Amino acid sequence: RLDILDVKHATITTDALNTQKDIAAKIISKEADYALPVKDNHKNLRAGIEQAFDTNSMDKTNKEAYFKTTDKGHGRIEVRSTVKFFEMRCLCQ
């Protein structure tokens, strides 16, 4: 479906099912950015991301690069942290 959309300069988000190399490559080829979730079943990718930065030593006051929310509902607490990477070429191999 991405082939028929004009997404140049847009930010594409997906669910975890679409965290795939070919989808990321397609988004890049269309000159767009992406935010894809990474779960534990992508062990190598997750390990690479964790090595690329340490959120404990990150400047969490930089609202352009770091955002965190905590929500409570349906009997659970969800904590979501979002970090914006400006350059992650090391993970594209």
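Data block above holds the structure.
Treat the numbers as computed from the prediction; the structure is a model and nothing was measured.

Visitor: So what exactly am I meant to see when it comes to the environment of E64 here?
Guide: Residue position: E64 is located in the loop between α2 (43–52) and β3 (66–73). The exposure class assigned to E64 is exposed, which follows from its relative accessible area of 52%. Along the sequence, E64 and V83 sit 19 residues apart, while their C-alpha atoms lie 8.6 Å from each other.

Visitor: Explanation requested: the nonpolar core in the structure shown.
Guide: In globular proteins that are soluble, nonpolar side chains generally tend to be buried together. Judged by nonpolar contacts, L2, V7, I12, I27 and A32 together constitute the single largest core of five residues. With residues near it in sequence (within four places) discarded, L2 still touches V7, K26, I27 and K30.

Visitor: When you look at unusual backbone geometry in this model, what are you seeing that I'm missing?
Guide: Excluding glycine, residues mostly have negative phi values, and the peptide bonds linking residues are mostly trans. Unusually for a residue other than glycine, H9 sits at a positive phi of about 70°. Its place among the elements puts H9 in the segment before β1 (11–13). Positive phi is not limited to glycine here, since H74 has a value of about 55°.

Visitor: Is there a simple way to think about the pattern of salt bridges in this case?
Guide: When the charged atoms of two side chains with opposite charge come close together, those side chains can pair. Per the stated rule, a full pass over the model turns up five salt bridges. A salt bridge links E31 to K8; its shortest N-O distance comes to 3.7 Å. Of this pair, E31 sits in the loop between α1 (21–29) and β2 (33–35) while K8 sits in the segment before β1, and the two are 23 residues apart along the sequence. For K8, a relative accessible area of 44% gives the class partly exposed. Because the salt bridges share partners, they merge into one network encompassing R76, E78 and R80.

Visitor: Which parts of the structure should I look at to understand the environment of P37?
Guide: Within the secondary structure, P37 sits in the loop between β2 and α2. For P37, a relative accessible area of 29% corresponds to the partly exposed category. Once the C-alpha coordinates of P37 and T14 are considered, the two residues, 23 residues apart in sequence, prove to be 7.5 Å apart. Look past the residues within four positions of P37 in its chain and what remains in contact with it is T14, D15, A16 and T19.

Visitor: Just checking my understanding: could you explain the side chain of T19 for this structure?
Guide: By secondary structure assignment, the location of T19 is in the loop between β1 and α1. Of the polar contacts made by the side chain of T19, one reaches the backbone oxygen of P37; its length is 2.6 Å. Excluding anything up to four places from it in sequence, T19 contacts T14, L36, P37, V38, H42 and L45.

About the cut-offs
- Residues numbered from 1 in each chain as written.
- Predicted model: local features only at pLDDT ≥ 70, side-chain atom pairs only at ≥ 80, totals over all residues.
- Heavy atoms only, no water.
- Helix = DSSP H or I, 4+ residues; strand = E, 2+ residues; numbered from the N terminus.
- Buried < 20%, exposed > 50% of the residue type's maximum accessible area, 1.4 Å probe, protein only.
- Core = buried A, V, L, I, M, F, W, Y, C linked by side-chain atoms within 4.5 Å.
- Contact = heavy atoms within 4.5 Å.
- Salt bridge = Lys/Arg side-chain N within 4 Å of Asp/Glu carboxyl O.
- Polar contact = N/O pair within 3.5 Å; in protein donor to acceptor, adjacent residues only side chain to side chain.

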